[in-house]
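An overview of the molecular structure
For reference, the chains in residue letters:
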Amino acid sequence: MAFKEVAIESLEFNPFTKISKEWMLVTAGDEKKSNTMTASWGGVGIMWGKNIATAYIRPQRYTKKFMDETGMYTLSFLSEDYRKALSVCGSEIKNGKIDANPFGLNNRWVPLYNIHKTYAGLRDAYVIAGKEEAEGMLIALTDWMLNTVSTLTDEQIQDMLRSEHGGLNEVFADVYGLTGKKKYLDLAKRFSHRVVLNPLLEKKDQLTGMHANTQIPKVIGFKRIADLDGEKAWSDASDFFWHTVVNNRSVSIGGNSVREHFHKADDFSSMMTSEQGPETCNTYNMLRLTKMLYQTSGDMAYMDYYERALYNHILSSQNPVQGGLVYFTPMRSGHYRVYSQPQSCFWCCVGSGMENHAKYGEMIYASRKDELIVNMFISSVLEWKEYGMTFTQETSFPEKESTRMVLHTDKSKKMKVSFRCPEWIDKSKVAFAVNGKKAEATLTDGYYTIERKWQDGDAIEMTLPMTLRAVQLPDKSSYYSFMYGPIVLAADMGKERLDGQFADDSRGGHIASGPQLPLQNMPVIVGEENNLLGNLKKVSPDKLEFALTGVYPSRYEGMKLKPFYQTHECRYMIYWELVSKEELGQRQKELAEVEKERAQLEQATADMVVCGEQQPESDHFVEMENSVIGSEQGTPWRETRGWFAYKMKSKGKPVNAVRIESFPDAAKDADVYVNEVKIGSVQGKNALHTLLLPKELWKASEWEVKIMRGKSEVTPKFRTVRMVLSRGLLVNE
């Protein structure tokens, strides 16, 4: 059964809400400052007007607080960058010139992705804030796109969609929803990427190696088209994607991906070792998809995920004091996060982050005929104008395990009030009271329901007894995260060397690039799975704080765990490895060997590119001719029949060699040039290649590394390129 969203009058959540708005006043209210931030993402001209507009507009929908002039300002704020993006998608594409790759289109950086921000911002300005002029602009711009691609074949459009393009199919479907004109629905379908859609239609998971947040907006579009056009197969495909990502590819906080890409579903080892864990934008979009799937199904699994991701990833992604926003949330034990700064950082996760913290009220309530649904336990005031009723939810959840709902109505009303039964609740201890007296609630399809004739001032109380759970990684490896109710628990591991914790304006400033603490020194739990929860005890009945025992090394015995969303400006730990006493010694030895090799290579490396990964290649200003990317067993690669090149830097470290890693293929070779000087050739039979630089290039601080086809028709598939200091350890590997 379809659920309707109910707007709320006001919202009281936590200090993050206020901080977020104050931070936005700094970032969005000054054109000069805003332009500075746009330039800070390498001058690529990302248009985050959609997020700025929606972050301000959403309170109108959810809290009645809205600054009209800000919405108008945002529309004009985008015009210069918007015209630049339009020039890319104009005459060249209309004339059939399409040179697409994941990072660009016709030698411009993801112009369709940029343009989507404007389309989506105009949609929100009209749909949420009622800006009539935004609707006209949106329709006119959609007509422009319709005309631009009118001469292209479906094959040409699908080729173009290899370039990241956000959720253009969703926006075009929305224009169909606004106008009823089928030409816009047809456009939405033409802009639906079949490389992603077709396997999902067949219930196949072929996501490994794909750039994660490029795909999620496409799936949102598939679902939107399905809802408007009755395409059940497309809706089922979206649902299959959601279950695949949530159940098989996500960690306990609700996030997914490593280094922005989907790793193998049966191997989370990179998640446990990388400093680039789940990206906040991914969860922002997964929550959008979750909302859509819930509204057409009412399935509680969607709300369980929504709550988990909201409290543990989204809420944790903003610094509660400084207000900065987080890009990557590493799962690597003992690592840390980086926070944006208003005048130097404007990443994608800042744009979506401003929306995240302006819409905590979005999924608290829903409705069916003569029934109010309470899905989230968040203090708020609901003004249900259709029924002439007001509902005030009073709660300190999750710090307190209860909620109270007070009803106000001009006249008595018989109706149902239903409360979600979450996956984490202890059903045997759930209790209800109405006006202080015990009341019976019927549990049906995941909801506790009380039906009666309600009077003004009636109050409903519900207990929310939380349970403690140990959540294993989806690949069934021996790593566990602890949850109390919907809350992921974490340990503060200290403040040692939080290098770059508050990001600068560099291309890699969003990455926590400080020292990675040796994993063999991180605490592990020694014991058996069936006794795991026995190691965790609540410190106080009034605090969400636990003590963990049975830990090695012994100095960590009794280490304190608290909600991850309260864990900031420190190194932290979310997953613990479980080992038996017999396994402990061998496991420590294995970790030490791996960490020693990693540390040696990291120490020798000044700069590195992962070939075929979108952000690292973009960060290094990739250029190419006749080059393609792919993935083999979850490992990205790039090969070429022409050439490709990266801009590399020393970052203050000594460099005398280029270290290149590839998949072995004896039939292939390549030539390597640095600053237009050939430094050697790569023979495909080897996996590792270290080429010494001429001495005259040792003192340079920047290099262009170009890999060209050699004697074979195509080069080997390259995995990484590093600028290194070779002291004999890396040569002739």
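A few points on the structure.

Turning our eyes to something else, we now look at the pattern of salt bridges. Counted under the stated rule, the structure contains 46 salt bridges. With its nearest N and O atoms 3.8 Å apart, the salt bridge here joins E423 to R469. Residue E423 is located in the loop between β11 (413-420) and β12 (432-434), and its partner R469 is located in strand β17 (residues 468-472); the two are separated by 46 residues in the primary sequence. According to the relative accessible area criterion, E423 is partly exposed, its value standing at 43%. Between D665 and K668 there is a salt bridge, and its shortest N-O distance comes to 3.4 Å. Through salt bridges with shared partners, a single network forms among R123, D124, E170, D174, R224 and R288.

The subject of this paragraph is helix α12 (residues 194-201). Taken residue by residue, α12 has V196, L197, P199 and L200 as its buried positions. The inward-facing, buried residues of α12 contact α13 (212-229) and α14 (232-248). Positive phi shows up at K203, right after α12, with a value of about 60°.

This part covers the sheet that holds strand β4 (residues 104-105). Spatial strand order, β3-β4-β5: 3 strands in an open sheet with antiparallel pairing. Each of the sheet's edge strands pairs with one partner strand only, and the pair in question is β3 (100-101) and β5 (108-109). With 2 bridges joining them, β3 and β4 adopt antiparallel strand pairing. In the strand pairing of β4, N101 is matched with G104.

Strand β18 (residues 479-484) sits mainly inside the fold: 6 of its 6 residues count as buried. Residue alternation in β18 divides its side chains into two sets, Y479, S481 and M483 and Y480, F482 and Y484, and both sets are buried. Direction of pairing for β17 relative to β18: antiparallel, over a ladder of 5 bridges. Across the sheet, the residue bridging to Q472 is Y480, located in β18. Both β18 and strand β26 (residues 575-579) contribute to a ladder of 3 bridges, which runs antiparallel.

What follows concerns the pairing of strand β27 (residues 605-610). Every regular strand shows the same layout, with side chains that alternate between the two sheet faces. For β27, the tally of buried residues reaches 5 of 6 residues, placing the bulk of the element in the interior. Looking at chain direction, β27 and strand β35 (residues 718-724) are connected through 5 bridges and run antiparallel. Residue T605 lies in a different strand from β35, and its bridge partner there is V724.

Once that is clear, we can look at unusual backbone geometry. A cis amide bond links F397 to the next residue, P398, at an omega of 10°. Position of P398 relative to the elements: it lies in the loop between β9 (389-394) and β10 (402-409). Going from Y552 to P553, the amide bond is cis rather than trans, its omega being 0°. By secondary structure assignment, the location of P553 is in the loop between β23 (551-552) and β24 (559-563). One non-glycine residue, V110, lies in positive phi territory at about 30°. Mapped onto the elements of the fold, V110 is located in the loop between β5 and α7 (111-127). Even without being glycine, S257 reaches a positive phi, approximately 85°. Mapped onto the elements, S257 comes out in the loop between α14 and α15 (269-273).

Moving on, we get to helix α11 (residues 182-190). Those residues of α11 that fall on the buried side of the exposure criterion are Y184, L185, L187 and A188. Taken down its axis, α11 places every buried residue within 155° of arc, on the same side. Of the surrounding elements, those touching the buried residues of α11 are α8 (132-148), α10 (168-179) and α13.

Right, let's talk about the packing of helix α16 (residues 280-295) against helix α18 (residues 348-356) for a bit. Remark: α16 packs on α18, axes separated minimally by 9 Å, with the N-to-C direction vectors making an angle of 40°. When the axes of α16 and α18 are compared, the pair comes out oblique. Our pair here, α16 against α18, has a crossing hand that is left-handed. Of α18, the residues touching α16 (which contributes T280, C281 and Y284) are C348, C349, S352, E355 and N356. Broken down by class, the residue content of the contact of α16 with α18 amounts to 4 nonpolar, 3 polar and 1 charged.

Turning our eyes to something else, we now look at the packing of α10 against α11. At a closest axis distance of 8 Å, the pairing of α10 and α11 adopts a crossing angle of 165°. One finds that α10 runs roughly antiparallel with respect to α11. Crossing of α10 against α11: the hand is left-handed. Along the contact surface, α10 presents N169, F172, A173, V175, Y176 and T179, while α11 presents K182, Y184, L185, L187 and A188. Taken together, the residues of the contact of α10 with α11 sort by class into 8 nonpolar, 2 polar and 1 charged.

For the structure shown, the criterion picks out 21 aromatic pairs. When the centroid spacing of 5.7 Å and the interplanar angle of 90° are considered together, the rings of W242 and Y305 count as edge-to-face. Of this pair, W242 sits in helix α14 while Y305 sits in helix α17 (residues 300-314), placing them 63 residues apart in sequence. Across the pair, exposure class does not vary: W242 and Y305 are buried alike. Taken together, the ring pairs connect Y311, F377, F397 and W424 into an aromatic cluster. Stacked on the ring of W454, the Lys or Arg R452 has its end atom at 5.1 Å from the ring centre.

It is worth spelling out the environment of T392 at this point. Within the element layout of this structure, T392 appears in strand β9. Judged by its relative accessible area of 19%, T392 falls in the buried class. In the structure, T392 is positioned 13 residues away from M405 in sequence and 5.5 Å away in space, judged by C-alpha atoms. If we ignore the near neighbours within four places in the chain, the residues touching T392 are S380, V381, R404, M405 and V406.

Attention shifts here to the nonpolar core. Side chains of a nonpolar character, in soluble globular proteins, are inclined to be buried together. Counting 128 residues, the largest nonpolar core has F241, F391 and L561 as its most contacted members. The element best represented in this core is α17, accounting for 9 residues. Beyond its immediate chain neighbours, meaning those up to four positions away, F241 contacts L200, L207, I216, V219, F262, M286 and L289. With 25 residues, the next largest nonpolar core counts V655, A670, V672 and W703 among its residues.

Relative to the elements of secondary structure, K429 occurs in the loop between β11 and β12. Each C-alpha atom, one on K429 and one on M466, is 9.3 Å from the other, the two residues being 37 residues apart in sequence. The contact partners of K429, leaving out residues within four places of it in the chain, are T463 and P465.

As for its placement among the helices and strands, R249 is situated in the loop between α14 and α15. Within polar-contact distance, the side chain of R249 engages the side chain of D205 at 3.2 Å. Apart from residues lying up to four places away in sequence, R249 is in contact with D205, L207, T208, T244, G255, N256, S257, F262, H263, K264, A265 and F268.

The rules behind these values
- Residues numbered from 1 in each chain as written.
- Predicted model: local features only at pLDDT ≥ 70, side-chain atom pairs only at ≥ 80, totals over all residues.
- Heavy atoms only, no water.
- Salt bridge = Lys/Arg side-chain N within 4 Å of Asp/Glu carboxyl O.
- Helix = DSSP H or I, 4+ residues; strand = E, 2+ residues; numbered from the N terminus.
- Buried < 20%, exposed > 50% of the residue type's maximum accessible area, 1.4 Å probe, protein only.
- Contact = heavy atoms within 4.5 Å.
- Pairing = 2+ DSSP bridges.
- Arc of directions from axis to C-beta.
- Axes fitted to C-alpha atoms, helices over the stretch in contact; angles between N-to-C directions.
- Parallel < 35°, antiparallel > 145°, perpendicular 65-115°, else oblique.
- Left-handed = near helix turned anticlockwise from the far one by under 90°.
- Nonpolar A, V, L, I, M, F, W, Y, C, P; charged D, E, K, R; others polar.
- Phe/Tyr/Trp six-rings, centres within 6.5 Å; stacked < 30°, edge-to-face > 60°.
- Lys NZ or Arg CZ within 6 Å of the ring centre and 35° of its normal.
- Core = buried A, V, L, I, M, F, W, Y, C linked by side-chain atoms within 4.5 Å.
- Polar contact = N/O pair within 3.5 Å; in protein donor to acceptor, adjacent residues only side chain to side chain.

Remember, this is a structural readout, not a statement about activity or role.
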